[in-house]
2 protein chains.
Amino acid sequence: MHVIVVYDTAAERNPRILRTCRKYLHHVQRSVFEGQLSAAQLRRFRAAVEAVLDLSYDSVTVYSFPPGTAPVRHAWGAAEPTPTDIL
Amino acid sequence: MHVIVVYDTAAERNPRILRTCRKYLHHVQRSVFEGQLSAAQLRRFRAAVEAVLDLSYDSVTVYSFPPGTAPVRHAWGAAEPTPTDIL
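Quick caveat: nothing in here was measured; it's all calculated off a predicted structure.

Scanning chain A for helices and strands turns up 2 helices and 5 strands. Of the regular secondary structure in chain A, the N- to C-terminal order runs β-α-β-β-α-β-β. Scored against the burial criterion, the 87 residues of chain A give a buried share of 51%. Restricting the contact set of chain A to residue pairs at least 6 apart, pairs at least 24 apart contribute 72%. For chain A, the computed accessible surface area is about 4200 Å², with 54% contributed by carbon and sulfur atoms.

Below, the structure written as C-alpha cells:
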C-alpha cells in the first residue's frame, strides 16, 4: 500500500529516525517520507521506528491508502530535502 | 477537497506558520495539519503560507485527495500536539 510518514522528533533523535525511514521509504521533505509497503513491511518499519523514538515526546503520523488512491503532492517552498538532511 | 499539510520551517518561523495553518485546518501533529478546503480556500491558504515562509529554506508539502478518498491516519508515539505548540 502507499504510505506517507511524517515525524516530529526531538533534534537529537533526528539522525536515527531519518536513517530508519530511509531504509523503507523515499525522502520527500525534511520530515516527510513516502513509499510502498506491504503489511509485513509496515509492521517491521513500525517496530524499527518505535525503537528509536521517545514515545513521551516524539510523534509519527502514518497515512495509508488503498491501492489506486495515492494522493497528489504539491511542494511549496524549498521542497527537496537539503544535502545536510541526507546522512 | 481533503488536504494534508506538513511544514518544515526554521524554528523562528514556527509560530507564524502554525497560526496560519490553524486558521484553515485542524492540527493533528506538531507540524501536520488536515482539513477540507475549496480550491479558492487553498489558493488563499497558499498565499498566506508563502507570505510567512523563507522560500530558500522552509518547505511545505500539501497532499490533496479527490472527494471520497481520504486516507487512513495512524498515530505512533505522542500523537497529539502538545500544549506548547498551541499558540
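Moving on, we come to the interface of chain B and chain A. Opposite the 37 residues of chain B that make contact, chain A presents 37 residues. Of the roughly 3200 Å² buried where chain B meets chain A, counting both sides, 55% is carbon and sulfur surface. For the pair chain B and chain A, the interface holds 0 salt bridges. Where chain B touches chain A, the interface holds 23 residue pairs in polar contact (both at pLDDT 80 or more). Contributing elements (two or more residues each) for the side of chain B that touches chain A: β1 (2–8), β2 (26–29), β3 (32–36), α2 (39–52), β4 (59–65) and β5 (72–77) of chain B. At 7 residues, the largest contribution of residues to the side of chain B that touches chain A is made by β4 of chain B. Here the side of chain B that touches chain A is composed, by residue class, of 20 nonpolar, 10 polar and 7 charged. Note that strand β4 (residues 59–65) of chain A and β5 of chain B share 6 bridges and pair antiparallel. Bridged to valine 60 of chain A within β5 of chain B is tryptophan 76 of chain B.

Our next topic: the side chain of serine 64 of chain A. For serine 64 of chain A, the position within the fold is in strand β4. At a separation of 3.0 Å, a polar atom in the side chain of serine 64 of chain A contacts the side chain of histidine 74 of chain B.

What follows is about the pairing of strand β1 (residues 2–8) of chain A. Residues and elements named next belong to chain A. Counting buried residues along β1, 7 of its 7 residues qualify, which places the element largely inside the surrounding structure. Side-chain alternation along β1 places His2, Ile4, Val6 and Asp8 on one buried face and Val3, Val5 and Tyr7 on a second face that is also buried. Sheet analysis places β1 next to β4, joined by 7 bridges and oriented antiparallel. Directly across from tyrosine 7, in β4, lies its bridge partner valine 60.

Moving on: the UniProt feature "binding site: Mg(2+)" (unreviewed entry) in chain A. Residues given the UniProt feature "binding site: Mg(2+)" (unreviewed entry) here are Asp8 of chain A. By the secondary structure assignment, aspartate 8 of chain A is in strand β1. The contact partners of aspartate 8 of chain A, leaving out residues within four places of it in the chain, are Asp58 and Ser59 of chain A together with Gln29, Arg30, Ser31 and Val32 of chain B.

Mapping between the two chain copies consists of a rotation about an axis together with a translation along that axis. For the pair chain B and chain A, the best superposition has an RMSD of 0.0 Å and corresponds to a rotation of 180° with a translation of 0.0 Å parallel to the axis. Within this description, the copies of the chain are treated as partners about a two-fold rotation axis. When each C-alpha of chain B is compared by its distance to the rotation axis, threonine 69 of chain B comes out closest, at 3.3 Å. Both copies share a contact surface, since 100% of the interface residues of chain B are interface residues in chain A too.

Let's shift gears to the sheet that holds β5 of chain B. Pairing within the open sheet is antiparallel, and its 5 strands lie in the order β2(A)-β3(A)-β1(A)-β4(A)-β5(B). The two strands at the open ends of the sheet, each matched to only one other strand, are β2 (26–29) of chain A together with β5 of chain B. On average, each strand axis in the sheet is tilted by 25° relative to the strand beside it, whichever way the strands run. Against the sheet, helix α1 (residues 14–24) of chain A engages β1, β2, β3 (32–36) and β4 of chain A, with an angle of about 175° to β1 of chain A. Here helix α2 (residues 39–52) of chain A sits on the sheet and contacts β1, β3 and β4 of chain A together with β5 of chain B; the angle it forms with β5 of chain B, its principal contact strand, is near 30°.

Thresholds applied
Residues numbered from 1 in each chain as written. Chains lettered and ligands numbered in written order. Predicted model: local features only at pLDDT ≥ 70, side-chain atom pairs only at ≥ 80, totals over all residues. Heavy atoms only, no water. Helix = DSSP H or I, 4+ residues; strand = E, 2+ residues; numbered from the N terminus. Buried < 20%, exposed > 50% of the residue type's maximum accessible area, 1.4 Å probe, protein only. Contact = heavy atoms within 4.5 Å. Areas by Shrake-Rupley, 256 points an atom, 1.4 Å probe, with all protein chains shown as cover. Buried area = accessible area lost by both parts, 1.4 Å probe. Salt bridge = Lys/Arg side-chain N within 4 Å of Asp/Glu carboxyl O. Polar contact = N/O pair within 3.5 Å; in protein donor to acceptor, adjacent residues only side chain to side chain. Nonpolar A, V, L, I, M, F, W, Y, C, P; charged D, E, K, R; others polar. Pairing = 2+ DSSP bridges. UniProt positions renumbered as here; feature names shortened; annotations may be inferred. Least-squares fit on C-alpha atoms with pLDDT ≥ 70 in both. Axes fitted to C-alpha atoms, helices over the stretch in contact; angles between N-to-C directions.

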